[in-house]
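# Geometric and topological summary
Read off the chains here:
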Amino acid sequence: MSEKIDVLKSVIKHWSERQDIDAVLEHLSDDLVWHFSAVTQPPVYGKAGARQFLEGFKTRVKNPRWRIFRIAETEDALFVEGVDEFETPDGTTVTIPYMGILDFDGDRIVGWRDYFDRGIADAGVAGKGLPDHCAGLVDRTALPGLGAPEEAAA
């Protein structure tokens, strides 16, 4: 496994198991540009911006779980397809299919772009669930060792 994939695994582990913001930030560059909702929201910049975003997100998310279905790698980037799942504070389960691109400078993430349907995400948070036509996107086996801790052990 490559160093970039090891970094992603660490980010997933620290966020999924404890929502450990400091541990996630260790993998990010001070020059980070993070489009957490590419094309619908402005990006956050640097570790300070990432911390502010993650602290706010943490108040709205319980039991986060990433499942990664596909990953491709270039010299300085990872391309990741998967599903982000979490519970809202009121117990609503939200499932969001997504595609993400992580740019690296050495072992640090310098760029992060998450692409997903914001309407599906907002509908999930509102308790409307995932549209039926998305079932084939989310009902797949995750790559071993990448994603939710229980799947990593399978």
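Going by the structure above, here's the rest.
The following refers to the structure shown.

So, how was this worked out
- Residues numbered from 1 in each chain as written.
- Predicted model: local features only at pLDDT ≥ 70, side-chain atom pairs only at ≥ 80, totals over all residues.
- Heavy atoms only, no water.
- Patch = residues over 30% accessible without salt bridge, like charges linked within 9 Å, V, L, I, M, F, W, Y side chains within 5 Å.
- Areas by Shrake-Rupley, 256 points an atom, 1.4 Å probe, with all protein chains shown as cover.
- Salt bridge = Lys/Arg side-chain N within 4 Å of Asp/Glu carboxyl O.
- Helix = DSSP H or I, 4+ residues; strand = E, 2+ residues; numbered from the N terminus.
- Buried < 20%, exposed > 50% of the residue type's maximum accessible area, 1.4 Å probe, protein only.
- Lys, Arg positive; Asp, Glu negative; His and termini not counted.
- Contact = heavy atoms within 4.5 Å.

## Focus: a nonpolar patch on the surface
On the surface, Val39, Phe79, Met99 and Tyr115 cluster together to form a nonpolar patch covering roughly 370 Å² of accessible area. Checked against the element boundaries, Val39 lands in the loop between strand 1 (28–35) and strand 2 (44–45).

## Some thoughts on the side chain of Asp114
Within the secondary structure, Asp114 is located in strand 6 (residues 108–115). Of the side chains with opposite charge, Arg113 comes closest to the buried, unpaired Asp114, at an N-O distance of 9.1 Å. Apart from the residues lying within four places of it in its own chain, the contact partners of Asp114 are Trp34, His35, Phe36, Ser37, Ala38, Met99 and Gly100.

## Side note on the environment of Ala121
In this fold, Ala121 is placed in helix 4 (residues 118–125). Taking the C-alpha atoms as reference points, Ala121 and Ala38, 83 residues apart in sequence, are found 13 Å from one another. Dropping the residues within four chain positions of it, Ala121 is found in contact with Val94, Ile96 and Phe116.

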